[in-house]
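Close look at the chain arrangement
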Amino acid sequence: MLRTTEAIGANPRAARSTLARQQQAEQLLREKHRREDQALAERRLYHSHKRREAEQLAEAHRRAPGPHPR
């Protein structure tokens, strides 16, 4: 792979500017992926809590005394 300055044509200012834009784009992409991962983790946690609540409610109904509703 060519170094950035060679790819630009040995123009150091253009190379620095291109490198800065590239680094900024990579940083923005990392932040976007971090936010997506965080949102996914929050959804998983929410659904695991909901599933646990549903299981506990079902167990309470199974253990409840008296006639079972059908």
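Quick note: structure is the one above.
Residues numbered from 1 in each chain as written. Predicted model: local features only at pLDDT ≥ 70, side-chain atom pairs only at ≥ 80, totals over all residues. Heavy atoms only, no water.

1. Looking at the overall build of the protein chain
Looking only at helices and strands, the protein chain has two helices and zero strands in total. Counting the 70 residues in the protein chain, one finds 3% classified as buried. For the protein chain, the exposed surface amounts to about 6700 Å²; the carbon and sulfur share of it is 55%. (Helix = DSSP H or I, 4+ residues; strand = E, 2+ residues; numbered from the N terminus. Buried < 20%, exposed > 50% of the residue type's maximum accessible area, 1.4 Å probe, protein only. Areas by Shrake-Rupley, 256 points an atom, 1.4 Å probe, with all protein chains shown as cover.)

2. Some remarks on the pattern of salt bridges
All told, the structure shown has four salt bridges when counted by the stated rule. Note that Glu 53 and Lys 50 form a salt bridge whose closest N and O atoms lie 3.7 Å from each other. Taken together, the residues Glu 53 and Lys 50, both in helix α2 (residues 12–63) and three residues apart, mark about one turn of the helix. Exposure remark for Glu 53: the relative accessible area of 46% places this residue in the partly exposed category. Connected via shared salt-bridge partners are Glu 59, Arg 62 and Arg 63. (Salt bridge = Lys/Arg side-chain N within 4 Å of Asp/Glu carboxyl O.)

3. Points about the side chain of Ser 48
Mapped onto the secondary structure, Ser 48 falls in helix α2. Polar contacts involving the side chain of Ser 48 include one to the main-chain carbonyl oxygen of Leu 45, which spans 2.8 Å. (Polar contact = N/O pair within 3.5 Å; in protein donor to acceptor, adjacent residues only side chain to side chain.)

Note that all results are geometric; they support no functional claim without further evidence.
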